[in-house]
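# Chain and residue survey
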Amino acid sequence: MIYLDNSATTFPKPLPVREAMQQALREFGANPGRSGYGMSMRTTQALYDCRRTAADFFGASGPECVVFQPSCTQSLNLVLKGSLRSGDHVVVSDLE
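Definitions and limits used
Residues numbered from 1 in each chain as written. Predicted model: local features only at pLDDT ≥ 70, side-chain atom pairs only at ≥ 80, totals over all residues. Heavy atoms only, no water. Salt bridge = Lys/Arg side-chain N within 4 Å of Asp/Glu carboxyl O. Helix = DSSP H or I, 4+ residues; strand = E, 2+ residues; numbered from the N terminus. Buried < 20%, exposed > 50% of the residue type's maximum accessible area, 1.4 Å probe, protein only. pLDDT = per-residue confidence, 0-100. Phe/Tyr/Trp six-rings, centres within 6.5 Å; stacked < 30°, edge-to-face > 60°. Contact = heavy atoms within 4.5 Å. Patch = residues over 30% accessible without salt bridge, like charges linked within 9 Å, V, L, I, M, F, W, Y side chains within 5 Å. Areas by Shrake-Rupley, 256 points an atom, 1.4 Å probe, with all protein chains shown as cover. Polar contact = N/O pair within 3.5 Å; in protein donor to acceptor, adjacent residues only side chain to side chain.

### Here we look at the pattern of salt bridges
With the rule as written, the count across this model stands at 1 salt bridge. Between R52 and D49 there is a salt bridge; the shortest N-O distance is 2.9 Å. One end of the pair, R52, and the other, D49, are both in helix α3 (residues 38-58), 3 residues apart, so they sit about a helical turn from each other. Relative accessible area serves as the criterion here: at 37%, R52 is assigned to the partly exposed category. Among the residues examined, D49 registers a relative accessible area of 27% and is labelled partly exposed.

### As for the confidence of the model for the protein
Put simply, the protein has an average pLDDT of 86, and 90% of its residues get 70 or more. Of all the helices and strands in the protein, helix α1 (residues 6-9) carries the lowest mean pLDDT, 64, while α3 carries the highest, 94.

### As for the packing of aromatic side chains
Throughout the structure, instances matching the rule amount to 1 aromatic pair. Taking 4.9 Å as the distance between ring centres and 90° as the angle between the ring planes, the aromatic pair formed by F57 and F58 counts as edge-to-face. Exposure remark for F57: the relative accessible area of 68% places this residue in the exposed category.

### Here's the deal with the side chain of T43
By the element assignment, T43 lies in helix α3. For T43, a relative accessible area of 7% puts it in the buried group. Residues within four places of T43 in sequence aside, it is in contact with F28, G29, A30 and P32.

### Quick look at a nonpolar patch on the surface
A cluster of nonpolar residues, L84, V90 and V92, forms a patch on the protein surface that exposes about 250 Å² of accessible area. Tracing the chain through its elements places L84 in the segment after α4 (72-83).

### Comments concerning the environment of D88
With respect to the element layout, D88 can be found in the segment after α4. We classify D88 as partly exposed; its relative accessible area is 41%. Here the side chain of D88 touches R85 through a polar contact of 2.7 Å, landing on its backbone nitrogen.

Listed below in structure tokens is the structure:
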């Protein structure tokens, strides 16, 4: 597993990142995978392409192995729920 928490640690964002985000906000204003109209299909393809690029970069077996989460807490919960077995325990600090 590889975990990146870019939004919490990178400020200001590099110019290429800001430009890519602006382009995405202009071109991909639909929910991916939610419909068959043009913008939704383009957004779905862009998300898949991003997953494929990330999978290639990190050596994952495929784009289906890449998951984007909106927060650290949700990411950790996803990993823990997928890793723990009945009877396991998790200890966290008061900082979480």
